[in-house]
Structures are given as structure tokens and as C-alpha cells.
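These are the residues of each chain, in order.
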Amino acid sequence: MASLMGKVMQFANSPKGKQVIRQATEKAQQLASDPKNRAKIDDVRRRLQGGRGGSGPVR
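Keep in mind the model is a prediction, meaning the values are calculated, not measured.

This part is about the overall build of the protein. Broken down by element type, the protein carries three helices and zero strands. Within the protein, the proportion of its 59 residues that are buried is 3%. Surface summary for the protein: the accessible area is close to 5,600 Å², and the carbon and sulfur share equals 58%.

Written out as C-alpha cells, the structure reads:
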């Protein structure tokens, strides 16, 4: 598994890898700036951060 991680790191440090990462980051920022998507993100974050009264498992 270490060789897979090495290959991923090698790709991420290559010019093509940096370009792919930059494009993905720009796309994520565009999606996050959309008010509808922002509301979905905030809702999921609120649920994951443990607000009580949700429909999660009973402890």
C-alpha cells in the first residue's frame, strides 16, 4: 500500500497533478459558493457536529 501512496504523491507533485488539483479546488469553491449547495453543506455539517434531537442512533 505504501507504493500506492508514493505514486499518488508523485502524481500530486507533477505539473499535471498540480493542474488537476487546482481545477478540482476551483470547482469545489464554485460549488460551495452556490447558495443551494451552501445550505446543503451547512445542514450536513450541523448534523455531523452532533446537534441533539436528530435522527441519529440512540445511545
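Right, let's get into the pattern of salt bridges. Counting across every chain of the model gives four salt bridges. Asp42 is the salt-bridge partner of Arg45, the closest N and O atoms lying 3.3 Å from each other. Note that Arg45 and Asp42 are positioned in helix H3 (residues 35-48) at a spacing of three residues, about one turn of the helix. A salt bridge links Arg46 to Asp43, with the nearest nitrogen and oxygen atoms 3.6 Å apart. In this pair, Arg46 and Asp43 both sit in helix H3, three residues apart, roughly one turn of the helix. Asp43 sits in the partly exposed class, given a relative accessible area of 26%. Residues joined by salt bridges that share partners form a network here, namely Arg38, Asp42 and Arg45.

Once that is clear, we can look at the packing of helix H1 (residues 2-13) against helix H2 (residues 15-33). Angle between the axes and distance between the axes: these two values describe a pair of packed helices. One can describe the packing of H1 onto H2 by two numbers: an axis separation of 4 Å at closest approach and a directional angle of 80°. Overall, the two elements H1 and H2 adopt an arrangement that is roughly perpendicular. Facing Phe11, Ala12 and Asn13 of H1, the residues of H2 in contact are Pro15, Lys16, Gly17, Lys18, Val20 and Ile21.

Another aspect to go through is the confidence of the model for the protein. Caution applies to low-pLDDT parts of the model: their predicted coordinates are not meant to be read in detail. For the protein, per-residue confidence averages 87 on the pLDDT scale, and 83% of positions sit at 70 or higher. Looking at the elements of the protein, mean pLDDT is at its lowest for H3, recorded as 91, and at its highest for H2, recorded as 94.

Cut-offs and rules
Residues numbered from 1 in each chain as written. Predicted model: local features only at pLDDT ≥ 70, side-chain atom pairs only at ≥ 80, totals over all residues. Heavy atoms only, no water. Helix = DSSP H or I, 4+ residues; strand = E, 2+ residues; numbered from the N terminus. Buried < 20%, exposed > 50% of the residue type's maximum accessible area, 1.4 Å probe, protein only. Areas by Shrake-Rupley, 256 points an atom, 1.4 Å probe, with all protein chains shown as cover. Salt bridge = Lys/Arg side-chain N within 4 Å of Asp/Glu carboxyl O. Axes fitted to C-alpha atoms, helices over the stretch in contact; angles between N-to-C directions. Parallel < 35°, antiparallel > 145°, perpendicular 65-115°, else oblique. Contact = heavy atoms within 4.5 Å. pLDDT = per-residue confidence, 0-100.

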